[in-house]
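# Close look at the chain arrangement
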Amino acid sequence: MTNPHPYEGNEVREKKPTVLKGLVFLLLLIATGAGLFFAATRLRSAEGPKVAHEAPAPLTVAVVTVEPTDAFDLKESYTGLAEARRTSMLGFASSGRIAVIRADVGDKVKTGALLAKLDTRSLEAQLASANAQVEEARASHDLALSTVQRQRQLKLQGHVSQQRVDEAEAQANTALARVEAAKAQADTLRVQIDLAAITAPFDGVVTQRLSDEGAIAAAGQPILELVEKSHLEARLGLPAASAALLEPGKEYKLVADTGEVTARLRNVTGVIDANQRTVGAVFDIENPDSIAAGAVVRLALDRSVGEEGFWVPVKALSAASRGLWTVYVADPSGEGWSAVPRPVEMVHSDGDRAYVRGPIQPGERVIVDGLQRITPGMPVTPRESQRADLSDD
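Residues numbered from 1 in each chain as written. Predicted model: local features only at pLDDT ≥ 70, side-chain atom pairs only at ≥ 80, totals over all residues. Heavy atoms only, no water.

Within the secondary structure, Asp 284 sits in strand β14 (residues 279-285). You can call Asp 284 buried: its relative accessible area is 19%. There is a polar contact of 3.3 Å between the side chain of Asp 284 and the side chain of Arg 85. Reaching out from Asp 284, the side chain makes a polar contact with the side chain of Arg 266 at a distance of 2.7 Å. For Asp 284, the residues in contact, after removing those within four places along its chain, are Arg 85, Leu 232, Glu 233, Thr 262, Ala 263, Arg 264 and Arg 266. (Helix = DSSP H or I, 4+ residues; strand = E, 2+ residues; numbered from the N terminus. Buried < 20%, exposed > 50% of the residue type's maximum accessible area, 1.4 Å probe, protein only. Polar contact = N/O pair within 3.5 Å; in protein donor to acceptor, adjacent residues only side chain to side chain. Contact = heavy atoms within 4.5 Å.)

Structure (structure tokens):
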């Protein structure tokens, strides 16, 4: 008979530790411990642990001797633009078809030169008609004067009354008014013909041409841009304190990309701009041919700031709290020197040097490098730095 449970009767035998296995494990543990003990005794120094009995050698640091001053010279630079004194967008006073444009971009023109003109054939025809009306009015006026003269003679002979004389004189006056009206109409047409031409209002160079022949120009539409090249001026904005140092009429040196240019100060506005918070100064450039209109120019000024302090290299400063900085001074300590921190406030930064103020005495030596290795009170050996140049040129 088949057993319905084929795995029934198979028993799993649990592995049990034996005395032999325990002895082998114990021997391995003893051997490992002995090996570690042997290695430790071999690596141990025969002289025992090393203990420092002498102080470390002082760190050699570069120092500069500072001398406090009562003020420092501040070199300031201000930027502006060289602009043409006059720039005009030229157009026609009335609309019409452009007949000719005689100027192109880059052309240098003189005052009064014809630059462009409208088609004036219609205006010329109207002018011819107006001139004819003037002649007709003059003829009528001459006839009225002759009538007045005859009526006066007849009045003296007693053939006509004073009423007839007055009527003749009134007709003569009316004829004279018609003459003046006709002349005014003709003059108006002449002005319109004159305004149909664009002439150069000043010597300059054409910088834009915005239309061509055949186009219909509206009244006031820009056709050409004319820039005065013979007179350039530079407009700069300066702080009120710096602007007060400028002297109208005095020559100054402005620096452009092409080099230095001489400019004479024309005037200072004396009014602070509400947006820029600066005072405007206008300079006349003496040699306008040496610089292009629209070029950037810079004015350098020296200003003395009455603030007590001293110059130190920027690398001698380390950041502190509340906007202050720290410098380390090599201070005599016993037979040597030690690094002592002093808090300072930065007044002005100029390249790789800074003007600061703080509790620094004349002749003290400020450490200028290696600050990352220095701690307060650390022994140091000062060495005068040969690279730090703190002179206020």
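Moving on from the coordinates now.
A few words now on the sheet that holds strand β12 (residues 251-256). One key point about sheets: their strands pair by backbone hydrogen bonds, in either a parallel or an antiparallel sense. Spatially, six strands are ordered β2-β11-β14-β13-β12-β15 in a closed barrel, and the strand pairing comes out antiparallel. Strand-to-strand twist in this sheet, taken as the mean axis angle between neighbours without regard to direction, amounts to 40 degrees. Here strand β11 (residues 232-238) runs beside β14; their pairing, made up of six bridges, is antiparallel. Note that in β14 the partner of Gly 237 across the bridge is Gly 280. (Pairing = 2+ DSSP bridges. Axes fitted to C-alpha atoms, helices over the stretch in contact; angles between N-to-C directions.)

With 37 residues, helix α2 (residues 121-157) should reach 54 Å at 1.5 Å per residue; the first-to-last C-alpha distance of 55 Å fits that figure. All of the buried residues along α2 are Leu 123, Leu 127, Ala 130, Val 134, Ala 137, His 141, Ala 144, Val 148 and Gln 151. Buried residues along α2 sit in contact with α3 (162-195). Looking one or two residues beyond α2, the residue adopting positive phi is Gly 158, at roughly 85 degrees. (Expected span 1.5 Å × (residues − 1).)

It is worth spelling out the packing of aromatic side chains at this point. Following the criterion strictly, the structure yields four aromatic pairs and no others. Ring plane angle 35 degrees and centroid distance 4.3 Å describe the contact between Phe 72 and Tyr 355, whose orientation is recorded as tilted. Of this pair, Phe 72 sits in strand β2 (residues 72-84) while Tyr 355 sits in strand β20 (residues 353-357), placing them 283 residues apart in sequence. This pair shows no difference in class: Phe 72 is buried, exactly as Tyr 355 is. An angle of 65 degrees between the planes, with centres 5.2 Å apart, marks the rings of Trp 311 and Tyr 355 as edge-to-face. Here Trp 311 is found in strand β16 (residues 310-313), whereas its partner Tyr 355 is found in strand β20, with 44 residues between them in sequence. Overall, Trp 311 belongs to the buried group, its relative accessible area being 7%. Tyr 355 sits in the buried class, given a relative accessible area of 0%. By the ring-pair criterion, three or more aromatic residues cluster together here, those being Phe 72, Trp 311 and Tyr 355. One cation-aromatic arrangement involves Arg 353 over Trp 311; the distance from NZ or CZ to the ring centre is 3.7 Å. (Phe/Tyr/Trp six-rings, centres within 6.5 Å; stacked < 30°, edge-to-face > 60°. Lys NZ or Arg CZ within 6 Å of the ring centre and 35° of its normal.)

This brings us to the sheet that holds strand β10 (residues 222-227). Reading across from one edge, β3-β10-β8-β5 is the order of the four strands in this open sheet, with antiparallel pairing throughout. Unpaired on one side and paired on the other, β3 (87-91) and β5 (108-109) mark the two borders of the sheet. By the bridge criterion, four bridges tie strand β8 (residues 204-209) to β10 in an arrangement that is antiparallel. The residue bridging Val 206 from the neighbouring strand is Leu 226, located in β10.

Right, let's get into α3. In a regular helix each residue adds 1.5 Å, so 34 residues correspond to 50 Å; α3 covers 50 Å between its end C-alpha atoms and thus fits that length. Within the span of α3, buried status applies to Val 165, Ala 168, Ala 172, Ala 175, Val 179, Ala 182, Ala 186, Leu 189 and Ile 193. For α3, the elements touching its buried residues are α2 and β7 (197-199).

Next up on the list: the pairing of β2. The pairing of β2 with strand β15 (residues 296-305) spans ten bridges and is antiparallel. Each bridged residue has a counterpart across the sheet, and for Phe 72 the counterpart in β15 is Val 305. Pairing of β2 with β11 involves five bridges; the strand directions are antiparallel. Residue pairing for β11: Gly 80 is matched across the bridge by Leu 236.

The next point concerns the nonpolar core. In this structure, Leu 238, Leu 246, Leu 254, Phe 283, Ile 291 and Leu 299 are the most contacted members of the largest nonpolar core, which totals 25 residues. Of all the secondary structure elements, the ones that give two or more residues to this core are β2, β11, β12, β13 (259-272), β14 and β15. The residues contacting Leu 246, other than those within four sequence positions of it, are Leu 238, Tyr 252, Leu 265, Val 268, Ala 281, Phe 283, Leu 299 and Leu 301. Formed by 18 residues, the second largest nonpolar core is a distinct cluster that contains Ile 101, Val 109, Leu 118 and Ala 217. (Core = buried A, V, L, I, M, F, W, Y, C linked by side-chain atoms within 4.5 Å.)

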